[in-house]
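Analysis of the macromolecular model
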Amino acid sequence: MSICPICGRDKQDKFCSYHQTAYDNVKEMYGQWKTAAGLSWEEYLHKISDIESTGRWIREVIEFIMQQDGL
Amino acid sequence: MLVTEKPTAAKKIAVALDDSKSPREVKKGRTSYFECKCGNDDLVVVYALGHLFELMQTEKGWTYPRLENEWVPKYEVDKKATNIKPIIALIKGLSKNIDMFVVATDYDIEGSLIGYLTLLYACKTDPSNAKRMRFSSLTESELRNAFDNLHELDFPLIESGQIRHEVDWLYGINMTRALTLAIKKAAGWFKIVSTGRVQGPALSFVAQREKEINLFLPLPYWMIQVVAYHNNKELELEYFKRHISTVSDGKSIVESLSDQTAIVDKINRRTVTQLPHPPFNLSSLQSEAYRHLGYKPSRTLDLAQSLYLNSAISYPRTSSEQLPDNLDLKAILIGLSSMKTYADMAVTILKGPLKPIQGKKTDPAHPAIHPTGEKPTKKLTPSEQKLYDLIVRRFFSVFGEPLVKDHLRADIIWENHKLYTRGLQIQKLGWAEYYGPFFKTEEKSLPDISEGDSIHLSSVKAEEKHTLPPARFNPASLLKLLERENLGTKSTRSRIVDSVRSRGYTIADRFELSTLGYALYETLDHYMSVMLSPEMTRQLEKEMEDIQQGKTDRDSVLAKARTNLLSILKEFKEKEEQIGEELVKGLQRYWKETEELGPCPKCGNGVLRIVQSPKTGKRFVGCSNYKEGVCDQTFPLPQKGTVTPLEKTCPYCDHQMIKVLSGRRTWETCINWTECPGRQEDLKALDERRSKQSKKDDGEDSS
């Protein structure tokens, strides 16, 4: 399977280049959110997907992660 | 013979030059010309309709590369341009007994080229013997003066215009065909996917911004909000640090300040003097008209062109922000003083020294946009009137005194915490008085407090906020970026901005990249990034400017552009298969996203799709099983705006939800909106709006 499980574009690693960057961003920024707001990983994912200004690809990646992890 | 650009301009010029001010209009079928007497000269004034001649491919075949072209009558390229044929025939016929030709088109690149091509191909005369009228407004005095002081034709300007058309033709035709044929080879579909040397970079700017927005992950911060009381009056105070980076710091500040009594430490006053804004050039006019009136840049240009043809304002396609010394400012102001709305302001300004503020940008051909002072010959439409008001008020404001305002700030302290309350007072309106409705500032007085007063901090909260993504482009900001990047010209940029949208690469006016826009951008970015690069276009722009300044010639620039294009097309050909496949995948995604609305609720196995009636041209939602005669499910759709399916169903009737983007307005509804029990109030409101609008339209028509 060589297509992105989120959008169907060609896969680079886990996802297409856009969703891969979004996925990396989600992981990387958790540290800053944890320090600032003291949230757990799960709380962080819920929080980000609730904020209106969150980017479309970030939101799609979060939805994917939450589905995968059964959150 | 005077060759003008448009019928309105021809009439203006004929009236201005005719000794009796009543030239004879000679009708010839669907077209006409003017005859007038000017001293000992018998003048014939003819008009074009913009460009009468266009470039056409001379080699056969809808393929690429195609590098050879020639100028032909426009109706040979555009079959709809049937009105051009009698005009060319008329000019050709009248040119036989002419002893001098004068180009009286707009004095800019396009106008000069229109005049040159008309002389060459319609009048069949040698353009080097012709003369040129140079003017910046269609007022009688300026036109007379231009006719009395004729110039030679500006050949570097003409060559620069000619090559701009040739290069745009070469790149536009060949790149568009390359993309379209790549799709045809990959999937057998004929879907025109266009690009061009400026459109490619413009798409790239929009796509890069879209990427930033889609990848945006907000970060939290906290803002301290304090409500305080002084002499029983409520005050809102701001904390000296606007962003608190952690929730624990926020909590600790809240705990420290709550229910404390702070002291007014200092009241600061900072006086700021603001000079008037410079006179308008096209770009600043387009930007200000978008900001205050909501007009797209292309609309502003059209309205400004109409005001120019109505003698109300000077030539709008200018870069200049300066009003030159030889401009009769007094006469303009006297003219404006005869108009009821502007009389008082004009009279006040006339009492002063008439020294306008000047901007930095210049234009060798035209001054900054200004009113002519003449009353428009035709009644202005409401939109023209609003733009005219903006131009007149900006013109007045450049004579105004500086605006003086005081920024006030009271510093309130509690231990090591500082709080502010701010005010703004206008001391002197100066130029802003003339700018009137287009000057916006909110005056706010400082609360009645003095240094040493006690302030009770009754409510202190730390409110969670989040950082925001960069804003999407709007037509004005994209146009500004193109200007800053030196891509396109002041006359072409607004059209390019419009084309990014009209080709379906963005959705509505918000410049949100569509799936088709993504498909094209991603494919080109991956395989042919040179087609998106501003570098190549910027270099070409520079070379075209160099032709205008006599630093290089048309042949060498054209040869270079062709070599460059051929190498791009060669590379494209090598990757044609992959490019075609990528574009096809993107198009499939685009159609799925924009046209499919989920499973049919009636038959269950069909797919609801947005379709257009071949009979009426109206769009509606229909089931994919209709053609097989299995299902006749349909839903009506709003006919205006872009419809995008949403990934949710209606809470009232469970039908698919859609988003409609029309102009600057966005709303969500369901496909069952006409029957949905939860949307009857919306329908009623819509009917009322329509009836109100139709009454308004009837009123406008009868007036």
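Residues numbered from 1 in each chain as written. Chains lettered and ligands numbered in written order. Predicted model: local features only at pLDDT ≥ 70, side-chain atom pairs only at ≥ 80, totals over all residues. Heavy atoms only, no water.

**Some thoughts on a positive patch on the surface**
On the surface, B:Lys640, B:Arg665, B:Arg689 and B:Arg690 cluster together into a patch of positive charge. The topology assignment puts B:Arg689 in helix α21 (residues 680–702). (Patch = residues over 30% accessible without salt bridge, like charges linked within 9 Å, V, L, I, M, F, W, Y side chains within 5 Å. Areas by Shrake-Rupley, 256 points an atom, 1.4 Å probe, with all protein chains shown as cover. Salt bridge = Lys/Arg side-chain N within 4 Å of Asp/Glu carboxyl O. Lys, Arg positive; Asp, Glu negative; His and termini not counted. Charge placed at Lys NZ, Arg CZ, Asp CG, Glu CD. Helix = DSSP H or I, 4+ residues; strand = E, 2+ residues; numbered from the N terminus.)

**Comments concerning the side chain of B:Asn214**
Assignment of secondary structure puts B:Asn214 in helix α7 (residues 199–214). In this view, B:Asn214 contacts A:Gly55, A:Arg56, A:Trp57, A:Ile58 and B:Tyr518; residues no more than four positions away in its chain are not counted. (Contact = heavy atoms within 4.5 Å.)

**Side note on a nonpolar patch on the surface**
Residue and element names in this part refer to chain B. The grouping of Trp62, Phe190 and Ile192 at the surface amounts to a nonpolar patch, some 320 Å² of accessible area in total. By secondary structure assignment, the location of Trp62 is in the loop between β5 (53–57) and β6 (69–73). For Trp62, a relative accessible area of 40% gives the class partly exposed. (Buried < 20%, exposed > 50% of the residue type's maximum accessible area, 1.4 Å probe, protein only.)

**Quick notes on the pairing of strand β4 (residues 41–47) of chain B**
Residues and elements named next belong to chain B. With respect to burial, β4 is a largely interior element, 5 of its 7 residues being buried. As judged from the 3 bridges shared by strand β1 (residues 2–4) and β4, these two strands associate in the parallel manner. Pairing of Val3 across the sheet is with Val46, part of β4. Of the strand pairs in this sheet, strand β3 (residues 31–38) and β4 are connected by 5 bridges, and their pairing is antiparallel. Residue pairing for β4: Lys37 is matched across the bridge by Asp42. (Pairing = 2+ DSSP bridges.)

**Thoughts on the pairing of β6(B)**
Looking down a regular strand, the side chains alternate between one sheet face and the other. Residue and element names in this part refer to chain B. Where burial is concerned, most of β6 is hidden: 4 out of the 5 residues are buried. Across 5 bridges, the pairing between β5 and β6 is antiparallel. If you follow Gln57 over to β6, its bridge partner there is Asn69.

**With respect to the sheet that holds strand β14 (residues 417–428) of chain B**
Residue and element names in this part refer to chain B. Taking strand neighbours around the barrel as the criterion, the 6 strands line up as β10-β11-β14-β13-β12-β15 in a closed arrangement whose pairing is antiparallel. Averaged over all adjacent pairs, the angle separating strand axes in this sheet is 35°, with direction ignored. Bridge count for strand β10 (residues 220–230) against strand β15 (residues 454–466) is 10 bridges, and the pairing is antiparallel. Bridged to Ile224 within β15 is Ala462. Packing of helix α8 (residues 247–257) onto the sheet brings it into contact with β10, β11 (233–239), β13 (403–414), β14 and β15, and relative to β15 it is tilted by some 165°. (Axes fitted to C-alpha atoms, helices over the stretch in contact; angles between N-to-C directions.)

**A few points about the domain arrangement of chain B**
All names here are of chain B. Taken as a whole, chain B is organised into domain 1 (2–153), domain 2 (162–214 + 472–586), domain 3 (220–276 + 403–466), domain 4 (282–397) and domain 5 (597–700). Each of domain 1 and domain 4 has a C-alpha centre, and the two are 27 Å apart. With 13 residues of domain 1 at the interface, the matching set in domain 4 holds 15 residues. Taking both partners together, domain 1 and domain 4 bury about 1,200 Å²; carbon and sulfur atoms supply 53% of that area. In terms of surface lost to domain 4, no three residues of domain 1 exceed Lys12, Ser136 and Leu138, which account for 39% of the buried area on that side. Run the count over domain 1 and domain 4 and you get 0 salt bridges. (Domains from an automatic or database assignment. Buried area = accessible area lost by both parts, 1.4 Å probe.)

**Some remarks on the state of the cysteines**
Residue and element names in this part refer to chain B. Counted under the stated rule, the structure contains 0 disulfides over all chains. Free cysteine: Cys603, not disulfide-bonded; nearest cysteine sulfur from Cys623 at 3.6 Å. Classification of Cys603 as partly exposed rests on a relative accessible area of 26%. With no disulfide of its own, Cys653 has Cys650 as its nearest cysteine by sulfur position, at a separation of 3.7 Å. (Disulfide = S-S within 2.5 Å.)

**Things to note about the pattern of salt bridges**
All names here are of chain B. Enumeration according to the criterion identifies 38 salt bridges over all chains in this entry. With a shortest N-O distance of 3.4 Å, Asp363 and Lys490 are connected by a salt bridge. Highlighted residues: Asp363 in the loop between α12 (343–350) and α13 (382–397) and Lys490 in the loop between α15 (475–484) and α16 (493–502), separated in sequence by 127 residues. Owing to a relative accessible area of 14%, Asp363 belongs among the buried residues under this scheme. Close ionic contact of Lys575 with Glu571 constitutes a salt bridge, the shortest N to O distance being 2.7 Å. Under the relative-accessibility criterion, Lys575 is labelled partly exposed at 22%. A relative accessible area of 30% places Glu571 in the partly exposed class. Each member of the salt-bridge network shares a partner with another, and the members are Arg164, Asp168, Arg197 and Glu541.

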